[in-house]
Amino acid sequence: MPELPEVETTVRGLAKFLDGERIERVTLNRPDMRRPFPADLVQMVTGATVTGLGRRAKYGLIHTDRDSTLIFHLGMSGRWRIDPEEPDKHDHLVIDTADHQFALCDPRRFGWVDLVTTDAIDQWPSIASLGPEPLGPDLTVDHLKAAINGRSQSIKLLLLDQRIVAGLGNIYVCEALYRAGIHPRKAGGKVSKPMLTRLIPEIVTVLQQSIKDGGSSLRDYAQPDGELGYFATRFAVYGREGEPCDRNDGGTIRRIEQGGRSTWFCPKCQR
């Protein structure tokens, strides 16, 4: 599933061609994706001017001058295609401006689109309960310590809880915990402030590096221009079961399951 860097990369790619443009036509090629398209989507968006694009957690935001915002989630296999050479049967939503076409393609249809009042985004149910952005100033050691204090659940699963930190996914939690030298099974309540002081900068660094690299192109994900991200070439632990640790400490990368998801780590240097 596309994670925060992939959504951020998507939003930045769209903004180059869509920001400030008037939407001439909106085409729905089916009534739904994972959820039904909003009933007033075509009416509300056609003729509107895009006033900006953004991201909250793993949601992409397309703001318009009608005080409405198109929110999209890419699901498992969704991606935007800019000026596709030919239509795809999985292009479920197509937006045309005077100069460009934007097609939301999602073969597995786990993605979805919603339309909300811009001023009420923070009250929208899927956003209202989110924790701070990991790339913003509100993710502090004090916030994280308070959120996990006394918790017996593993730090890995706590970091995936969107109410604690918004937007973190499996790939980047595995990589950040490795960089910080924290064992993914360690109970949240036993993660000390010095550990969190190491962890937060590693979360920021791994996300920023992936955004710079265009994300991690796993399975179906590609950037809007069709380019593949290459952060996957930098994985230290993710997907590397049985390989030696990059720290040359004699450790071998292991894979375990936590909360129904795979976790990769080095048992030698992550404590």
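As shown above, the structure is provided for reference.
Residues numbered from 1 in each chain as written. Predicted model: local features only at pLDDT ≥ 70, side-chain atom pairs only at ≥ 80, totals over all residues. Heavy atoms only, no water.

Notes on the sheet that holds strand S3 (residues 59-64)
Within a sheet, neighbouring strands are paired by backbone hydrogen bonds and run either parallel or antiparallel to one another.
Phase 1 of the analysis: Spatially, 4 strands are ordered S2-S3-S4-S8 in an open sheet, and the strand pairing comes out antiparallel. Strand pairing shows two members of the sheet lacking a second neighbour, strand S2 (50-56) and strand S8 (112-117), which therefore form its edges. Each adjacent strand pair in this sheet contributes to an overall mean axis angle of 20°, direction not counted.
Phase 2 of the analysis: Docked against the sheet, helix H1 (residues 4-18) engages S2, S3 and strand S4 (68-73), running at close to 175° with respect to S2. (Pairing = 2+ DSSP bridges. Helix = DSSP H or I, 4+ residues; strand = E, 2+ residues; numbered from the N terminus. Axes fitted to C-alpha atoms, helices over the stretch in contact; angles between N-to-C directions. Contact = heavy atoms within 4.5 Å.)

Looking at the pairing of S2
The side chains of a regular strand alternate between the sheet's two faces.
Phase 1 of the analysis: Of all 7 residues in S2, 6 are buried, a share of seventy percent or more.
Phase 2 of the analysis: In this structure, S2 lies alongside S3, joined through 6 bridges in antiparallel fashion. Bridge assignment links Leu53 to a residue of S3, and that residue is Ile62.
Phase 3 of the analysis: Where S2 hands over to S3, the hairpin turn is made up of 2 residues, of which Ala57 adopts a positive phi near 55°. (Buried < 20%, exposed > 50% of the residue type's maximum accessible area, 1.4 Å probe, protein only.)

Notes on the packing of helix H4 (residues 141-148) against helix H7 (residues 193-212)
Phase 1 of the analysis: For the pair H4 and H7, interaxial distance at closest approach is 10 Å and the crossing angle is 125°. As judged from the angle between their axes, H4 and H7 are oblique. At the point where H4 passes H7, the crossing takes the right-handed sense. Within the contact between the two elements, H4 uses Val141, Asp142, Leu144, Lys145 and Ile148 and H7 uses Lys193, Leu196, Thr197, Leu199 and Ile200.
Phase 2 of the analysis: In terms of residue class, the contact of H4 with H7 is built from 6 nonpolar, 1 polar and 3 charged. (Parallel < 35°, antiparallel > 145°, perpendicular 65-115°, else oblique. Left-handed = near helix turned anticlockwise from the far one by under 90°. Nonpolar A, V, L, I, M, F, W, Y, C, P; charged D, E, K, R; others polar.)

Re the packing of helix H6 (residues 170-180) against H7
Phase 1 of the analysis: Where H6 meets H7, the closest approach of the two axes is 8 Å, and the angle between their N-to-C directions is 130°. The angle between H6 and H7 falls in the class oblique. Where H6 crosses over H7, the two elements pack in a sense that is right-handed. Counting all contacts with H6, which are made through Tyr172, Glu175, Ala176, Leu177, Arg179 and Ala180, the residues of H7 involved are Arg198, Leu199, Glu202, Ile203, Thr205, Val206, Leu207 and Ser210.
Phase 2 of the analysis: Its residues assigned to classes, the contact of H6 with H7 shows 8 nonpolar, 2 polar and 4 charged.

Comments concerning the sheet that holds strand S7 (residues 101-105)
Phase 1 of the analysis: Read from one edge of the open sheet, 4 strands run S1-S6-S7-S5, paired in antiparallel fashion. The open sheet has two edge strands with one neighbour each: strand S1 (25-28) and strand S5 (79-82). Neighbour to neighbour, the strand axes of the sheet diverge by 15° on average, direction disregarded.
Phase 2 of the analysis: Examined bridge by bridge, S1 and strand S6 (residues 91-96) share 4 bridges and lie antiparallel to one another. Bridging across to S6, Thr27 finds its partner in Val94.
Phase 3 of the analysis: Sitting on the sheet, H1 touches S5 and S7, and the angle it makes with S5 is about 30°.

Overview of the pairing of strand S9 (residues 254-258)
Phase 1 of the analysis: Across 5 bridges, S9 lies against strand S10 (residues 261-265) in antiparallel orientation. Residue pairing for S10: Ile256 is matched across the bridge by Thr263.

Some remarks on the environment of Asp40
Phase 1 of the analysis: Tracing the chain through its elements places Asp40 in the loop between S1 and helix H2 (41-45).
Phase 2 of the analysis: The spatial distance from the C-alpha of Asp40 to the C-alpha of Leu115 is 8.4 Å, given a sequence separation of 75 residues.

Purely geometric numbers; function is a separate question.
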